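An overview of the molecular structure
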Amino acid sequence: MSITWKPFGVTPAGESVTEYTLTNHNGASVSICDFGGIVTRILVPDRNGALGDVNLGFDSVDVYASGNSGSMGALIGRVGNRIGRAAFELEGARYVLGKNNGENNLHGGPEGFNMRMWKAQPSCEGGVSSLTLSLVSPDMDQGFPGELSVTVTYSFNDQNELAIVYHALTSKTTLVNLTNHAYFNLDGHDAGTVEDLQLQIFADEVTEIADDLIPTGRTLSSASVPYGFETAARVGDVLAQIPNVPIMKAVGGVDFNYCAGADRQTKRIATLYSPKTGRVMDVITDQPGVQCYTGQGLNHTGKGGALYGRFAGICLETQHYPDAIHHPHFPSIVLRPQDRYYTFTVYRFGVR
């Protein structure tokens, strides 16, 4: 195992950014930068042993820091996904957030954790390379109450498992729902689209949403909707249903939260597979949900000049449900001072 690092550019604020690379004994590697906690590269073998980068991204911090990266690879907080009407009530007080997704708040706001410099601490011990990132978010940062101290550890082992462990403590009752927004293409980051990949999501239900992607509060059986992925399906075959399914047409593809069991219960929540390369990725987490997004909003020039257009990558963002603060029957995203926020997700790469 090894850890190396190199300069990754300078932010508009003049902050020097570093990209850290965690490499295992097989030569597979994961790279993360200290701006935004962004996963920039994931090199894993195909069925013939050839390494390929399966993570969409950019060659320097410039696009990430511009805010026009589509949250690519980013560490998302304080609250991943949407908060309806960009406001909420908590313990008798009303809090107003920034509107950065129509009338709603998305991924913590216009200056969420993906736009911050994190303090980085690399480590290599016990056969695992890791990078621990820490950040203190002040009281009322982006409109959220409480000083929030966050620690996120990325680690990579010889089994090609990328683990992300999240910790947080707050000084006041607040909301927290941390996740990562990596875009995957197991054919290769520059392969075009994810339409030939196969996806299965191990969830019995999907949150029903309105056209603005805010949940109605109801859930739908995964087996009852064309985008349920309750059995392994070719992504392109599901996307072909867009003209026939009003909500898919409204959101331009798949952008739904899948309800996959109890909070703090370890589970395999999704499996993504490339018949072309043999690469397979299992997503293991203790979170109750996963947001699947098929990258219909992509329109970027990425690493090495690769063109990332519509459906170039797919996101599997482990999470609590969107807009949970407005739906008391959803798993809670409230964090109190006497409690510790903890969650983990493992992206396990293999071949078939």
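The notes below deal with the structure included here. Not measured: the values here are computed from a predicted model.

Attention shifts here to the packing of aromatic side chains. Taken as a whole and assessed by the stated rule, the structure comprises 13 aromatic pairs. When the centroid spacing of 4.0 Å and the interplanar angle of 15° are considered together, the rings of tyrosine 227 and phenylalanine 256 count as stacked. Of the two residues, tyrosine 227 is situated in the loop between β19 (215–221) and β20 (233–234) and phenylalanine 256 in strand β21 (residues 255–259); the sequence distance between them amounts to 29 residues. Each of the two residues, tyrosine 227 as well as phenylalanine 256, counts as buried. Taken together, Phe8, Phe58, Tyr64 and Tyr308 form an aromatic cluster joined through their ring pairs. If you follow arginine 352 out to its NZ or CZ, it ends over the ring of tyrosine 273, 4.3 Å from the centre.

Spatially, the five strands line up as an open sheet ordered β1-β2-β3-β4-β5, and their pairing is antiparallel. The two strands at the open ends of the sheet, each matched to only one other strand, are β1 (2–10) and β5 (51–53). Shown here is a sheet whose adjacent strand axes are inclined to one another by a mean of 20°, direction ignored.

In this section: the side chain of asparagine 177. Relative to the assigned elements, asparagine 177 resides in the loop between β15 (174–175) and β16 (179–180). Polar contacts involving the side chain of asparagine 177 include one to the main-chain amide nitrogen of histidine 320, which spans 3.0 Å. Apart from the residues lying within four places of it in its own chain, the contact partners of asparagine 177 are Ile76, Arg78, Val79, Gly80, Gln287, Gln319, His320, Ile333 and Tyr341.

Our focus in this paragraph is the side chain of glutamine 287. For glutamine 287, the position within the fold is in the loop between β23 (279–285) and β24 (289–293). A relative accessible area of 2% means that glutamine 287 is categorised as buried. Aside from chain neighbours lying at most four places away, what touches glutamine 287 is Asn177, Leu178, Ala262, Asp263, Lys267, Ile269, Thr318, Gln319, His320, Tyr341 and Thr343.

Quick look at the pairing of β21 now. Of all five residues that make up β21, five are buried, and the element is covered over most of its length. Of the two faces of β21, the one carrying Asp255, Asn257 and Cys259 and the one carrying Phe256 and Tyr258 are both buried. Here five bridges tie β21 to β24, and the two strands are oriented antiparallel to one another. Within β24, the position partnered with aspartate 255 by the bridge is tyrosine 293.

Our focus in this paragraph is the pattern of salt bridges. The full count for this structure, using the stated rule, is 12 salt bridges. The shortest N-O distance in the salt bridge between lysine 172 and aspartate 139 comes to 2.8 Å. A residue pair is termed long-range when its members are at least 10 positions apart, and lysine 172 in the loop between β14 (161–170) and β15 and aspartate 139 in the loop between β12 (128–137) and β13 (148–157) qualify at 33 residues. Under the relative-accessibility criterion, lysine 172 is labelled partly exposed at 41%.

Conventions and cut-offs
- Residues numbered from 1 in each chain as written.
- Predicted model: local features only at pLDDT ≥ 70, side-chain atom pairs only at ≥ 80, totals over all residues.
- Heavy atoms only, no water.
- Phe/Tyr/Trp six-rings, centres within 6.5 Å; stacked < 30°, edge-to-face > 60°.
- Helix = DSSP H or I, 4+ residues; strand = E, 2+ residues; numbered from the N terminus.
- Buried < 20%, exposed > 50% of the residue type's maximum accessible area, 1.4 Å probe, protein only.
- Lys NZ or Arg CZ within 6 Å of the ring centre and 35° of its normal.
- Pairing = 2+ DSSP bridges.
- Axes fitted to C-alpha atoms, helices over the stretch in contact; angles between N-to-C directions.
- Polar contact = N/O pair within 3.5 Å; in protein donor to acceptor, adjacent residues only side chain to side chain.
- Contact = heavy atoms within 4.5 Å.
- Salt bridge = Lys/Arg side-chain N within 4 Å of Asp/Glu carboxyl O.

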